[in-house]
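Coordinates in review
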Amino acid sequence: MGIANLSLAYTDGMKMILAVFVALMFVACSSPETENLKKENSDLKTQLQTITRERDALKVQLDGIKAVLENATGSTAITPDPSATTPIASDSSSTPDPSTPDSSMGSGNPSDSNAPAPSNTPSSDGTGVTPPQANPNTGVSAVETYAKEVLETAQKFNSETQQTPPTDCSSGYTAGTHAVSSSDAVQSCRVDRVDGGFRVTLKDANGAITTLPTP
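Described in the following lines is the structure provided in the data block. Nothing here was measured: the structure is a model prediction, and the numbers come from that model.

**Remarks on the overall build of the chain**
Within the chain, the regular secondary structure consists of three helices and seven strands. Along its sequence from the N terminus, the chain presents helices and strands in the succession α-α-β-β-α-β-β-β-β-β. Considering the chain as a whole, with its 215 residues, one finds that 20% of them fall into the buried category. Here the contacts in the chain between residues at least 6 apart in sequence split such that 47% fall between residues at least 24 apart. Summed over its atoms, the accessible surface of the chain is roughly 15700 Å², and 59% of this surface lies on carbon and sulfur atoms.

**Details of a nonpolar patch on the surface**
A surface patch of nonpolar side chains, amounting to about 390 Å² of accessible area, comprises Leu18, Phe21, Val22 and Met25. With respect to the helices and strands, the residue Met25 is situated in helix α1 (residues 2-75). Exposure remark for Met25: the relative accessible area of 40% places this residue in the partly exposed category.

**Focus: the sheet that holds strand β5 (residues 186-194)**
Across the sheet, which stays open at both edges, the three strands sit in the order β5-β6-β7 with antiparallel pairing between neighbours. Strands at the two margins of the open sheet, each flanked by one partner only, are β5 and β7 (209-212). Each strand axis lies, on average, 15° off the axis of its neighbour in the sheet, ignoring direction.

**Quick look at the nonpolar core**
Membership of the largest hydrophobic core comes to 20 residues, with the highest contact counts inside it found for Tyr146, Val150, Cys169, Tyr173, Val191 and Val200. Of all the secondary structure elements, the ones that give two or more residues to this core are α3 (140-161), β3 (173-175), β5 and β6 (197-204). Looking at this core element by element, the count peaks at eight residues for α3. Sequence-distant contacts of Cys169, that is, excluding residues within four places in its chain, are made with Tyr146, Val150, Cys189, Arg190, Val191 and Val200.

**Topic: the environment of Glu149**
Mapping Glu149 onto the fold places it in helix α3. Taking the C-alpha atoms as reference points, Glu149 and Ala179, 30 residues apart in sequence, are found 8.9 Å from one another.

**As for the pairing of β7**
Going residue by residue along β7, you find Thr210 and Leu212 tucked away on one face and Ile209 and Thr211 left uncovered on the opposite face. In the sheet, β6 pairs with β7 via four bridges, with the strands oriented antiparallel. The partner of Thr201 across the bridge, within β7, is Thr211. The hairpin turn running from β6 into β7, its antiparallel successor, is four residues long, and Gly207 in that turn takes a positive phi close to 90°.

**What to know about the pattern of salt bridges**
Enumeration over the complete set of coordinates arrives at three salt bridges. Notably, a salt bridge pairs Asp56 with Arg55, separated by 3.2 Å at the nearest N-O pair. The partly exposed category is assigned to Asp56, whose relative accessible area is 35%. The residue Asp192 makes a salt bridge to Arg190 at a minimum N-O spacing of 2.7 Å. Classification of Arg190 by relative accessible area gives partly exposed; the value is 45%.

**Topic: the pairing of β6**
Both β5 and β6 contribute to a ladder of eight bridges, which runs antiparallel. Looking across to β6, one finds that Ser188 is bridged to Lys203. What sits between the antiparallel neighbours β5 and β6 is a turn of two residues, in which Gly196 has the positive phi angle 85°.

Procedures and definitions
Residues numbered from 1 in each chain as written. Predicted model: local features only at pLDDT ≥ 70, side-chain atom pairs only at ≥ 80, totals over all residues. Heavy atoms only, no water. Helix = DSSP H or I, 4+ residues; strand = E, 2+ residues; numbered from the N terminus. Buried < 20%, exposed > 50% of the residue type's maximum accessible area, 1.4 Å probe, protein only. Contact = heavy atoms within 4.5 Å. Areas by Shrake-Rupley, 256 points an atom, 1.4 Å probe, with all protein chains shown as cover. Patch = residues over 30% accessible without salt bridge, like charges linked within 9 Å, V, L, I, M, F, W, Y side chains within 5 Å. Salt bridge = Lys/Arg side-chain N within 4 Å of Asp/Glu carboxyl O. Pairing = 2+ DSSP bridges. Axes fitted to C-alpha atoms, helices over the stretch in contact; angles between N-to-C directions. Core = buried A, V, L, I, M, F, W, Y, C linked by side-chain atoms within 4.5 Å.

See below:
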């Protein structure tokens, strides 16, 4: 009986020792794995923190870029260019002034020796015409220019209105909307209707008479 109990106690003791040994082996075997898991866990936490910081930094940069773009969009809004809506000043040289003599007819200056010679005047015997004396001081070129402008004005007025133009052209000439400035070289001037048009008879300051028929 005592031996049986002793044997049983020995068996139980061996079982406990074996169990403790197995537990120790398990703990000994699992300890390196646990350490590895802890280390991996620590590394993952570190990486997660790094990624989080990088994400936060990128978010800050992105917010800054959005703010810059919004400000740039607001400040560069398309506005009408005032210079584009400003009418371009018309070139005054493109529209002739009716009160200004046509440059193609001469400058109107009595001393302009380059102006064309005046029209022929009747001779004293009535058999022909004789040109006036070429005197640069008589203002002949200005007289002829004035006569041409008066004649053109009378023709334009008659063509537009089918009416007889005014006859007096001694101190400037106005017919409808057309006008010719007066000339100091003109003493008297008259517009007469003739067959096929009009004729301007003009006397300059020296008394010379110029007659300009319709071309």
